[in-house]
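Results of the structural survey
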Amino acid sequence: MDFPCNQFGEQAPGDDEEIHSFCTGRYGITFPQFSKIEVNGENAIPLYKWLTENTTFKGFDKSPMGLILSQVVKKQDKDYKNNGAIKWNFTKFLIDREGNIAVRFEPMNSLKKVKEKVEEVL
């Protein structure tokens, strides 16, 4: 499921229809996409408040993009390594059948790792 958010580099500035058209036209998404939300701060929706209060940030990988994101995020939040706030778009959470958070994936985690964990949880 996709919850568009404009809190990270203003990457989703449009309205819900514009965002959906962009994502389906450019990336061919077929999964459910919801209305734009906030994931951090006082206006975060309850789902993301729960997700961020019950997980920790485990860091970005050492890829070039991971290193860049570390520097960008550090400018916005000096204590970013020590809180559960969402750091960038495409942070993913896997919820098991009992409603527990199985794992949190940061944006740079490989989709291979995501797929492996999904298969394990199933």
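This section reports on the structure supplied with the text. Worth saying up front: this structure is predicted, and the values here are computed from it rather than measured.

**A closer look at the side chain of Thr55**
Relative to the elements of secondary structure, Thr55 occurs in the loop between helix H2 (46–53) and helix H3 (64–76). A polar contact is formed between the side chain of Thr55 and the backbone oxygen of Leu51, at a distance of 2.7 Å. Among the polar contacts made by the side chain of Thr55, one reaches the side chain of Arg104 at a distance of 3.1 Å. In contact with Thr55, other than residues within four places in its own chain, are Gly84, Phe93, Ile101 and Arg104.

**Quick word on a negative patch on the surface**
A cluster of acidic side chains, namely Asp15, Asp16, Glu17 and Glu18, defines a negative patch on the protein surface. For Asp16, the location among the structural elements is in helix H1 (residues 16–27).

Cut-offs used in this document
Residues numbered from 1 in each chain as written. Predicted model: local features only at pLDDT ≥ 70, side-chain atom pairs only at ≥ 80, totals over all residues. Heavy atoms only, no water. Helix = DSSP H or I, 4+ residues; strand = E, 2+ residues; numbered from the N terminus. Polar contact = N/O pair within 3.5 Å; in protein donor to acceptor, adjacent residues only side chain to side chain. Contact = heavy atoms within 4.5 Å. Patch = residues over 30% accessible without salt bridge, like charges linked within 9 Å, V, L, I, M, F, W, Y side chains within 5 Å. Areas by Shrake-Rupley, 256 points an atom, 1.4 Å probe, with all protein chains shown as cover. Salt bridge = Lys/Arg side-chain N within 4 Å of Asp/Glu carboxyl O. Lys, Arg positive; Asp, Glu negative; His and termini not counted. Charge placed at Lys NZ, Arg CZ, Asp CG, Glu CD.

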